[in-house]
Amino acid sequence: MTQPATAHRPGEAAGPAGATAGKAPPARTGRPLMERVPTPVLLTTALIVLVAVWQGVISAGWVNEYILPTPWSTATALWDVTTDLFTGGPVFDNFLISAQETLYGLLIAAVAGVVLGVLIAETVIGRRVLQPLMIALYAAPKVALAPLFVAWFGFDMAPKVVMAAVIAFFPVMVDTAAGLAGIDEDEDKLFKSLRASRWQRFVKFKLMNALPFIFAGLKSAAVLAVIGAIVAEFLGGGEGLGVMVKTASVGFALDRVFAFVILLSAMAFLVYLAVDVIERKVVFWRQTGFLPTES
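Residues numbered from 1 in each chain as written. Predicted model: local features only at pLDDT ≥ 70, side-chain atom pairs only at ≥ 80, totals over all residues. Heavy atoms only, no water.

Caption draft 1: Looking closely at the packing of aromatic side chains. If you walk through the whole model with that rule in mind, you get five aromatic pairs. Here the aromatic rings of phenylalanine 149 and phenylalanine 153 are separated by 6.3 Å at their centres, their planes lie at 50°, and the arrangement is tilted. Of this pair, phenylalanine 149 and phenylalanine 153 both sit in helix α6 (residues 142–153), four residues apart, which is roughly one turn of that helix. One Lys or Arg, lysine 246, reaches over the ring of phenylalanine 234 and ends 5.9 Å from the middle of that ring. (Phe/Tyr/Trp six-rings, centres within 6.5 Å; stacked < 30°, edge-to-face > 60°. Helix = DSSP H or I, 4+ residues; strand = E, 2+ residues; numbered from the N terminus. Lys NZ or Arg CZ within 6 Å of the ring centre and 35° of its normal.)

Caption draft 2: Region of the structure containing unusual backbone geometry. With a phi close to 60°, phenylalanine 252 is a non-glycine residue in the positive phi region. Here phenylalanine 252 lies in the loop between α10 (241–250) and α11 (254–282). On the basis of relative accessible area, phenylalanine 252 is assigned to the exposed category, the value being 54%. (Buried < 20%, exposed > 50% of the residue type's maximum accessible area, 1.4 Å probe, protein only.)

Caption draft 3: Structural context of the confidence of the model for the chain. Looking at the chain as a whole, its pLDDT mean stands at 82, while 82% of the residues score no less than 70. Mean pLDDT values for the elements of the chain range from 66 in helix α8 (residues 185–193) up to 93 in helix α4 (residues 90–122). (pLDDT = per-residue confidence, 0-100.)

Caption draft 4: Focus on helix α2 (residues 39–59). Along its 21 residues, α2 runs 30 Å from first to last C-alpha, staying within 8% of the 30 Å computed at 1.5 Å per residue. Residues of α2 that are buried include every one of Trp54, Val57 and Ile58, and no others. Considered in projection along α2, the buried side chains sweep an arc of 100° and stay on one side of the axis. Exposed and facing more than 90 degrees away from the buried side of α2 are Ile48 and Ser59. Summarising the contacts, the buried residues of α2 are in contact with α3 (71–86) and α11. (Expected span 1.5 Å × (residues − 1). Arc of directions from axis to C-beta. Contact = heavy atoms within 4.5 Å.)

Following this line, the structure appears as structure tokens:
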């Protein structure tokens, strides 16, 4: 007698021994360990390791503490600098000057970089004449330009703003041109088939495509603007945190120099973070930026 066929539920297939083989193994939904650890915990751990290595190098006698100050002396100097900053002392006045120079330089760099990037991407003269000139300007040593800017614009805030803008504009220009040039040809043909004007194609298609690139250049420019302003202050004198760094270094107060470096790094990070927040508001259709998002 033939064995009756074994009945199976829908969606199941009979195996060689009558067992079902239609069930897939459960998918693993867990994230890697490093993604599950909160960001503050990772940053705190990295900071502790850095300070431990720093102190270990000094304690082992590999570097003299007169050359590399200890973490404790640096923390003490940083506390004094921060207290002076939040109580309206000289550090606050000079911080305000450096911040203004950075923001003005970044604004000029943003406008000039976008305009030059558009000209390079959209015009023949821009590609064949303007682009080589801008590359030659950016290749020039910036330290050599600082005395020229001081001679042309004086010893006040103007030469520092110009230096910050000159150093910061190039990434914006390059990324703007790259974003405008890196369009999808099929999408461009679609716009042309819809009889869109050149201005409509530029604003509604090319510029929208280039926005993530532009903000990538702006975030690089945010850090470079701080560097440009401090370098100009260091070389050109006047006021600002760069002058305070120079004064501390001349007096060999290296713990105070480290404190000012940390303060300047915090300022650059805040400017970078501000650009990142603006990017999330403007380029809302893409998950870009520095800040983590909830999935």
